[in-house]
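One-letter residues, chain by chain:
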Amino acid sequence: MPQISVEHSPYLDDVDWEEFALALHPVVVETAAARLEACKTRVSRTEDEAVGAELERHAIVNVSIALLAGRDDATKARLTEAVVELLREHVPPRDGLRLHLSAEVRDLDPSYRKYEE
């Protein structure tokens, strides 16, 4: 915990996603009282995507953060706002490309278990 997933469009391959993740972890710690060493981020590149009925180019980034239960809605909202702002810093506007940056924070299911060595 926290389990962080970043999905991004192929148009954004030039973004340093590791740098983004390393900048994100302290934000999660400060906002949601997580432990830095517990933050784990996976970054996945999407292949096929569509937005509405438009033919213009779109780039989508979605960050999903799953935390152990216990944070109130206000804390989750502050975290999602901070994540979107951090995305805006790391994914600047590009000519001919509409950006869609989003984030969500949710509780891990009570069945969540982990093992690490």
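Placed above this text is the structure.
Description of the structure in this document.

### Some words on the pattern of salt bridges
Here's step 1: Applying the stated rule across the entire model yields seven salt bridges.
Here's step 2: Here Arg 35 makes a salt bridge to Glu 37, at a shortest N to O gap of 2.8 Å.
Here's step 3: Classification of Glu 37 as exposed rests on a relative accessible area of 60%.
Here's step 4: A salt bridge links Glu 116 to Lys 114; the nearest nitrogen and oxygen atoms lie 2.9 Å apart.
Here's step 5: Residue classification places Lys 114 among the partly exposed positions, given a relative accessible area of 45%.
Here's step 6: A network of salt bridges, in which partner residues are shared, links Asp 13, Arg 45 and Glu 47.

### So, the nonpolar core
Here's step 1: In terms of nonpolar packing, the biggest core is built from 27 residues, with Trp 17, Val 28, Val 63, Ile 65 and Leu 79 touching the most fellow members.
Here's step 2: Contributing elements (two or more residues each) for this core: strand S1 (3-8), helix H1 (17-32), strand S3 (58-67) and helix H2 (73-90).
Here's step 3: Setting aside residues no more than four positions away along its own chain, Trp 17 makes contact with Val 6, His 8, Leu 12, Val 43, Val 61, Leu 87 and Val 91.

### A word on unusual backbone geometry
For residues besides glycine, phi is generally negative; the peptide bonds are generally trans as well.
Here's step 1: With an omega dihedral of -15°, the bond running from Met 1 to Pro 2 counts as a cis peptide bond.
Here's step 2: Along the polypeptide, Pro 2 turns up in the segment before S1.
Here's step 3: Here Ala 33, not a glycine, exhibits a phi torsion of approximately 55°, which is positive.
Here's step 4: By secondary structure assignment, the location of Ala 33 is in the loop between H1 and strand S2 (40-45).

Reading guide: rules and limits
Residues numbered from 1 in each chain as written. Predicted model: local features only at pLDDT ≥ 70, side-chain atom pairs only at ≥ 80, totals over all residues. Heavy atoms only, no water. Salt bridge = Lys/Arg side-chain N within 4 Å of Asp/Glu carboxyl O. Buried < 20%, exposed > 50% of the residue type's maximum accessible area, 1.4 Å probe, protein only. Core = buried A, V, L, I, M, F, W, Y, C linked by side-chain atoms within 4.5 Å. Helix = DSSP H or I, 4+ residues; strand = E, 2+ residues; numbered from the N terminus. Contact = heavy atoms within 4.5 Å.

Interpretation in functional terms is not warranted from these geometric data alone.
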